[in-house]
Every structure is written in structure tokens, then in C-alpha cells.
Amino acid sequence: MTKLSVGNYFGVGKNRKKILDIIRLGNGWLLLKTENSKSSRDFKVRAVYQTEPRIRSYTPKHAHFAIDFYGKMCANRERALELLQAIILLWTGKIPVEKIIQQYNESVSGLPGYDLEYILHALKWILEQEDINFKGRPPKKQAALDEILGRFNVTAPKDRLGSQLAISLFCDIALGSHPVEALIRANLDILPAKRGRGAV
């Protein structure tokens with residue numbers, strides 16, 4: 001087994017990509033940032049949840065976090081809204097992830113699903129990836145996203161318009177939308193594209 005370290009490779013065949021960065025989480029999981037093909041700056045995020053006897057991993061997606069957030073909203077709306085504030089604070093980039101975890105860990109404790117450390121570290125990279133790959137959007141769609149964020153008194157930083165779509169997704173769910181409806185409204189894939197073409 002190839003050692004999971006920066007500079008080594010992850011995956012096999014055409015999916016074999018160089019590891020650019022690693023975050024080791026308190027629950028034993030690893031978050032990997034690997035090369036990707038959309039542009040020279042593009043990267044992919046992988047969550048490794050098992051290393052022995054074999055590596056098991058998946059690619060974290062918006063849908064995973066949307067459904068997780070919805071479950072938290074159903075369990076305890078007040079604490080879930082604290083999580084949303086932590087995600088928005090992460091998105092603004094004003095405070096390091098570790099400080100946000102320290103600030104919000106107690107107020108979101110007891111919620112079901114993903115823990116705060118995993119959510120914030122994974123979303124930090126996923127949101128950065130969205131900004132890197134952003135090509136623009138129609139003015140009408142941009143106005144709709146601005147309106148959703150405005151209901152939480154949040155303005156998108158100019159350099160974060162790509163990831164604004166994901167943040168508006170969480171806000172939409174917090175406003176009462178079902179995650180599937182919110183994902184469709186945001187025009188985000190629920191299934192990977194290659195599976196979705198033939199999905200029933």
C-alpha cells in the first residue's frame with residue numbers, strides 16, 4: 001500500500017492523482033487534496049475513513065452536507081443555525097478553521113451526523129474548489145442567490161462568487177426548504193453526472 005503523504009499518489013489507473021495536502025481529523029479520518037483536471041489550479045477532495053486492511057474513501061459532495069444539515073435542523077434548529085453561522089464565518093475567511101471549531105464546538109454539540117471538525121475542514125476545501133472553477137452565472141441567478149443570503153444579512157465577498165451557490169444552499173434549507181428541493185433549485189448534481197445520465 002502506498003503511504004498516504006503529500007507528494008505520493010492516491011488511487012489507481014486513470015484516477016491516480018498526486019496528493020497535494022492532507023488533514024488528519026480527530027476521528028481518525030484523513031482529508032486529502034489531490035490533483036484534478038479542470039484547470040492547473042483545480043483539485044479534488046477525498047475523505048479517507050479507513051486505511052487498514054485496505055483504503056476506503058469517498059468524494060465529499062454538496063448533497064452530503066446538505067442532507068446532514070437538514071438532519072441537524074430537524075433534530076435541533078437552534079444548534080443547527082449555530083452551525084450555519086460557523087460555516088458562514090469559515091466562508092468569509094476572517095478566522096482560521098481551528099478557532100471557529102473552538103468557538104462553536106460546544107454550541108453544536110449533540111447534533112446528529114457529521115462532526116464540526118470534518119464539516120469545516122472539508123467545506124473549506126470544497127468551497128475553495130468552487131471558487132477556482134467558477135465561470136460566471138446569469139444576472140437573474142446571481143440576484144436570487146444574493147436575495148437568499150440577504151435574509152441572513154450576509155453579502156458574498158467578491159472573490160467568493162463560485163462558492164456562494166453552496167452557501168445559499170445551506171441558507172435555503174435553514175429557511176425551510178427540503179434538501180432535494182434546495183439542490184435542484186441550486187442546480188447542483190445529486191448523483192454524479194456519469195451515473196445520472198442513465199439513472200431512473
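Remember, predicted model here, so these are calculated numbers, not experimental data. (Residues numbered from 1 in each chain as written. Predicted model: local features only at pLDDT ≥ 70, side-chain atom pairs only at ≥ 80, totals over all residues. Heavy atoms only, no water.)

Comments concerning the overall build of the protein
- If you tally the helices and strands in the protein, you get 8 helices and 5 strands.
- Mapped in sequence order, the helices and strands of the protein form the string β-β-β-β-β-α-α-α-α-α-α-α-α.
- Relative to the 2.2 N^0.38 estimate, which gives 16 Å for 200 residues, the radius of gyration of the protein is 17 Å and therefore close to what a compact globule would have.
- Expressed along its principal axes, the backbone C-alpha trace of the protein runs to roughly 50 × 40 × 40 Å.
- When burial is assessed residue by residue, the protein has 42% of its 200 residues classed as buried.
- Across the protein, the fraction of contacts at a sequence separation of at least 24, relative to all contacts at a separation of at least 6, is 52%.
- Carbon and sulfur atoms make up 50% of the accessible area of the protein, which totals about 11,500 Å².
- Distance between charge centres in the protein, computed from 31 positive and 20 negative side chains, equals 8 Å. (Helix = DSSP H or I, 4+ residues; strand = E, 2+ residues; numbered from the N terminus. Rg over C-alpha atoms; globule rule 2.2 N^0.38 Å. Buried < 20%, exposed > 50% of the residue type's maximum accessible area, 1.4 Å probe, protein only. Contact = heavy atoms within 4.5 Å. Areas by Shrake-Rupley, 256 points an atom, 1.4 Å probe, with all protein chains shown as cover. Lys, Arg positive; Asp, Glu negative; His and termini not counted. Charge placed at Lys NZ, Arg CZ, Asp CG, Glu CD.)

Observations concerning the confidence of the model for the protein
- Averaged over every residue, the pLDDT of the protein is 90; the share at 70 or more is 92%.
- Mean pLDDT across the secondary structure elements of the protein bottoms out at helix α8 (residues 193-196), with 42, and peaks at helix α3 (residues 97-104), with 97. (pLDDT = per-residue confidence, 0-100.)

A look at empty space enclosed by the protein
- Applying the stated criterion to the full structure yields 1 cavity of 30 Å³ or more.
- Its boundaries defined by the atoms lining it, the largest cavity holds a volume of some 30 Å³.
- Around the largest cavity sit Phe65, Asp68, Phe69, Leu83, Ile87, Ile119, Leu123 and Phe170, which together line it.
- Elements supplying a minimum of two residues to the lining of the largest cavity: α1 (62-75), α2 (77-92) and α4 (116-132).
- Counting residues per element, the lining of the largest cavity draws most heavily on α1, which supplies 3 residues.
- Residue classes in the lining of the largest cavity are distributed as 7 nonpolar, no polar and 1 charged. (1 Å grid on protein atoms, 1.4 Å probe; cavity = no way out; pocket = protein on both sides within 12 Å on 5 of 7 lines; lining within 4 Å. Points joined across faces, edges and corners; volume = space filled by probe spheres on them. Nonpolar A, V, L, I, M, F, W, Y, C, P; charged D, E, K, R; others polar.)

Here we look at the sheet that holds strand β1 (residues 9-10)
- Reading across from one edge, β1-β2-β3-β4-β5 is the order of the 5 strands in this open sheet, with antiparallel pairing throughout. With partners counted over all chains shown, the strands left at the sheet margins are β1 and β5 (56-58), one partner each.
- Along the sheet, α4 contacts β2 (17-24), β3 (30-35), β4 (43-50) and β5; its crossing angle with β4, the most-contacted strand, is approximately 160 degrees. (Pairing = 2+ DSSP bridges. Axes fitted to C-alpha atoms, helices over the stretch in contact; angles between N-to-C directions.)

What about the environment of Ala86?
- Relative to the helices and strands, Ala86 is located in helix α2.
- Taking the relative accessible area as the measure of exposure, Ala86 reaches 0% and is therefore buried.
- Counting along the chain gives 14 residues from Ala86 to Ile100, while the straight-line C-alpha distance between them is 6.5 Å.

Some details on the packing of α4 against helix α6 (residues 161-174)
- Interhelical geometry of α4 versus α6 gives an angle of 130 degrees and a closest axis separation of 6 Å. Of the possible angle classes, the one that applies to α4 and α6 is oblique. Across from Leu123, Leu127, Glu130 and Asp131 in α4, the residues of α6 making contact are Leu161, Gly162, Ser163, Ala166, Ile167 and Phe170.
- Across the contact of α4 with α6, the residue classes break down as 6 nonpolar, 2 polar and 2 charged. (Parallel < 35°, antiparallel > 145°, perpendicular 65-115°, else oblique.)

Looking at helix α7 (residues 179-186)
- For α7, the complete set of buried residues consists of Pro179, Ala182, Leu183 and Ala186. Considered in projection along α7, the buried side chains sweep an arc of 100 degrees and stay on one side of the axis.
- Where α7 is buried, its residues touch α1, α5 (139-150) and α6.
- Two residues or fewer past α7, Asn187 is found with a positive phi of approximately 65 degrees. (Arc of directions from axis to C-beta.)

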